[in-house]
Amino acid sequence: MKKLFNACFFYLVLGMASGVFAREFMKFNEFTGSTNLTTVHPHLFTLGFIFFLILTLGSSSLDLTKNKNFNKWFILYNISLLWTCASLTMRGILQVNGSDFKGLSHISGTGHALLGISLIWFMIILKSTLTAKEK
């Protein structure tokens, strides 16, 4: 449960910092267009803070952390979320500066794919935990 709370708090701070960074970086560069930089903040709040907040609140009754695959899932989920947000941040910075690196779309896409895999894996872990509780 402590691990889930720490992840929740980490993503809260990171989400807030990413929002401030995006706003100030765009203002400093006098950029008013659309950029991937503005998508990092909601990714971190929704998939990081809110997701782990819900898990923290439900962890005492679900015992998810006792599942043998939970730690492996936790590592993959955090790596893929940070990977996705880092690539979106880099792409957004390049867009604000008027340049782009097309390969970042593929790097970000890989992060999103891993995130999708980890979410499906989480649902499998949740199902097996709920099934074990019913017995």
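Residues numbered from 1 in each chain as written. Predicted model: local features only at pLDDT ≥ 70, side-chain atom pairs only at ≥ 80, totals over all residues. Heavy atoms only, no water.

**A short note on the nonpolar core**
Nonpolar side chains in soluble globular proteins generally cluster together in the buried interior. Spelled out, the test is: We call a set of buried Ala, Val, Leu, Ile, Met, Phe, Trp, Tyr and Cys residues a nonpolar core when their side-chain atoms join them within 4.5 Å. For every residue, the accessible area (1.4 Å probe, protein chains only) is compared with the maximum for its type, and the residue is labelled buried under 20%, exposed over 50%, or partly exposed between those bounds. Numbering of helices and strands runs from the N terminus; a helix is a DSSP stretch of H or I covering at least four residues, while a strand is a stretch of E covering at least two. Contacts were defined at the residue level, with two residues in contact if any of their heavy atoms lie within 4.5 Å.
Of all hydrophobic cores here, the largest spans 23 residues; its most connected members are F52, L55 and W73. Going through the elements one at a time, α1 (2-28), α2 (37-62), α3 (70-96) and α4 (103-134) are the ones with two or more residues in this core. Those residues within four positions of L55 in sequence are excluded, and the remaining contacts are L4, L64, W73 and F122. If you look at the next biggest cluster of nonpolar residues, it comprises six residues, including A22, F25, L37 and I93.

**Observations concerning α1**
Condition: Expected span, for any helix, means 1.5 Å times one less than how many residues it has.
Taking 1.5 Å as the rise per residue, α1 with 27 residues should run 39 Å; its terminal C-alpha atoms sit 38 Å apart, in good agreement. Considered for burial, the residues of α1 that qualify are L4, A7, C8, Y11, G15, S18, A22, F25 and M26. In this structure, the buried residues of α1 make contact with α2 and α3. E30 sits one or two positions beyond α1 and adopts a positive phi of about 50 degrees.

**Structural notes on a nonpolar patch on the surface**
Keep this limit in mind: Exposure above 30% relative accessible area and the absence of a salt bridge qualify a residue for a patch, where like charges join within 9 Å and nonpolar side chains (Val, Leu, Ile, Met, Phe, Trp, Tyr) within 5 Å. Under the convention used here, a 1.4 Å probe and the Shrake-Rupley method define accessible areas, while residue burial counts only the protein chains that appear. Criterion for a salt bridge: a side-chain nitrogen of Lys or Arg within 4 Å of a carboxyl oxygen of Asp or Glu.
On the surface, a nonpolar cluster with roughly 470 Å² of combined accessible area is contributed by I75, I79, W83, F101 and I107. The element best represented in the nonpolar patch is α3, accounting for three residues. Structurally, W83 can be placed in helix α3. The class for W83 is partly exposed, based on a relative accessible area of 33%.

**Brief notes about the pattern of salt bridges**
Per the counting criterion, the structure on display carries two salt bridges. The partner of K27 in a salt bridge is E24, and the shortest N-O contact between them spans 3.6 Å. Taken together, the positions of K27 and E24, both in helix α1 and three residues apart, correspond to about one turn of that helix. Classification of K27 as exposed rests on a relative accessible area of 53%. Overall, E24 belongs to the partly exposed group, its relative accessible area being 34%.

None of the figures reported here should be taken as evidence of function without further support.
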